[in-house]
Amino acid sequence: MTAAIQLALDDFLPPDARPSPGPVVLAPCLNQRESYDVIAAPAPEGVMLVRFSVNLDACDPGESIVDVITYAVDVRTQRILAVGRHTWPRKVTTGTDP
């Protein structure tokens, strides 16, 4: 599991990554690994699913939607099989939730 997470993380946010210049300005914390939560789960056929989502307590990008990136990693060959990106609405708390 650890090797699959590391492989996906190195692809998702390489250690030497620099913010890419472009018309969209992103929060600087989105380029830091510690700004993301990681969930991993085994799937059939020796595949590990690895999901990265921004930890809103560590990094607030100021957007009303957040991207969640999921990798399918073949554990046996240490290869990335697929990458999926999903955009979810940001959970808004009202302060009245228990």
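The shown structure was predicted, so the numbers you read here are calculated from the model rather than taken from an experiment. (Residues numbered from 1 in each chain as written. Predicted model: local features only at pLDDT ≥ 70, side-chain atom pairs only at ≥ 80, totals over all residues. Heavy atoms only, no water.)

## Regarding the overall build of the protein chain
To be explicit about the condition: Elements are defined by DSSP. Helices are runs of H or I of four residues or more, strands are runs of E of two residues or more, and each kind is numbered from the N terminus. Buried residues are those whose accessible area, probed at 1.4 Å on protein chains only, stays under 20% of the maximum for their type, while exposed residues exceed 50% and partly exposed ones sit between those limits. Here a residue-residue contact requires only that any non-hydrogen atoms of the pair lie within 4.5 Å. All accessible areas in this document rest on Shrake-Rupley with a 1.4 Å probe, and a residue is counted as covered only by the protein chains that are shown.
Across its full length, the protein chain carries one helix and four strands. Counting from the amino terminus, the protein chain carries its helices and strands in the arrangement α-β-β-β-β. Within the protein chain, buried positions represent 27% of all 98 residues. Long-range pairs, those at least 24 residues apart, make up 41% of the contacts in the protein chain with a sequence separation of at least 6. Put simply, the protein chain shows about 6900 Å² of open surface, and 57% of that area lies on carbon and sulfur atoms.

## Some points on the nonpolar core
To keep it simple, the criterion reads: Among buried residues, those of type Ala, Val, Leu, Ile, Met, Phe, Trp, Tyr and Cys that are joined through side-chain atoms within 4.5 Å constitute a nonpolar core.
Among the nonpolar cores identified, the biggest contains 18 residues, and Phe12, Val50, Phe52 and Tyr71 are the most heavily contacted of them. Those elements giving two or more residues to this core turn out to be helix 1 (2-12), strand 2 (47-54) and strand 3 (65-74). If we skip the residues at most four places from it in the chain, Phe12 touches Tyr36, Phe52, Ile69 and Tyr71.

## Some points on the sheet that holds strand 3
Sheets are built from strands paired through backbone hydrogen bonds, the pairs being either parallel or antiparallel. Rule in force here: Any two strands with at least two DSSP-identified bridges between them are counted as paired. Simply put, an axis is a line fit to the C-alpha atoms, just over the touching stretch for a helix, and the angle between two N-to-C directions goes from 0 to 180 degrees.
The strand order 1-2-3-4 describes an open sheet built from four strands, whose pairing is antiparallel. One side of each edge strand has no neighbouring strand; the edge strands of this open sheet are strand 1 (36-43) and strand 4 (79-89). For this sheet, the mean inter-axis angle between neighbouring strands, taken without regard to orientation, is 20°. By the bridge criterion, eight bridges tie strand 1 to strand 2 in an arrangement that is antiparallel. Counted as the bridge partner of Ala43 is Val47 from strand 2. Helix 1 rests against strand 1, strand 2, strand 3 and strand 4 of the sheet, and its axis sits at about 45° to strand 2.

## Description of the packing of aromatic side chains
Note the cut-off: Pairing of aromatic side chains here covers Phe, Tyr and the six-membered ring of Trp, requires ring centres within 6.5 Å, and sorts the geometry by plane angle: under 30 degrees stacked, over 60 edge-to-face, intermediate tilted.
Applying the stated rule across the entire model yields three aromatic pairs. Ring geometry for Phe12 and Phe52: centres 4.8 Å apart, planes at 5°, overall stacked. Placement of the pair is Phe12 in helix 1 and Phe52 in strand 2, with a sequence separation of 40 residues. Accessibility expressed as a relative area gives 1% for Phe52, which makes it buried. Each member of the aromatic cluster is reached from another via a ring pair, and the members are Phe12, Tyr36, Phe52 and Tyr71.

## Topic: the pattern of salt bridges
Going by this rule: Salt bridge, as used here, is a side-chain nitrogen of Lys or Arg placed within 4 Å of a carboxyl oxygen of Asp or Glu.
Enumeration over the complete set of coordinates arrives at three salt bridges. Salt-bridge contacts for Arg76 lead to Asp74; the nearest nitrogen and oxygen are separated by 3.6 Å. Residue class for Arg76 comes out exposed when judged on its relative accessible area of 61%. By relative accessible area, Asp74 is classed as buried at 11%.

## Focus: the confidence of the model for the protein chain
Should pLDDT be low for a region, the predicted coordinates there are not to be read in detail. Heads up, the rule is: Summary of the metric used: pLDDT quantifies the predictor's per-residue confidence within the range 0 to 100.
Summing up the model confidence of the protein chain, the mean pLDDT is 85 and the portion of residues at 70 or higher is 83%. Note that pLDDT drops below 50 for residues 94-98; the model gives that stretch zero contacts with residues more than four away or on any other chain.

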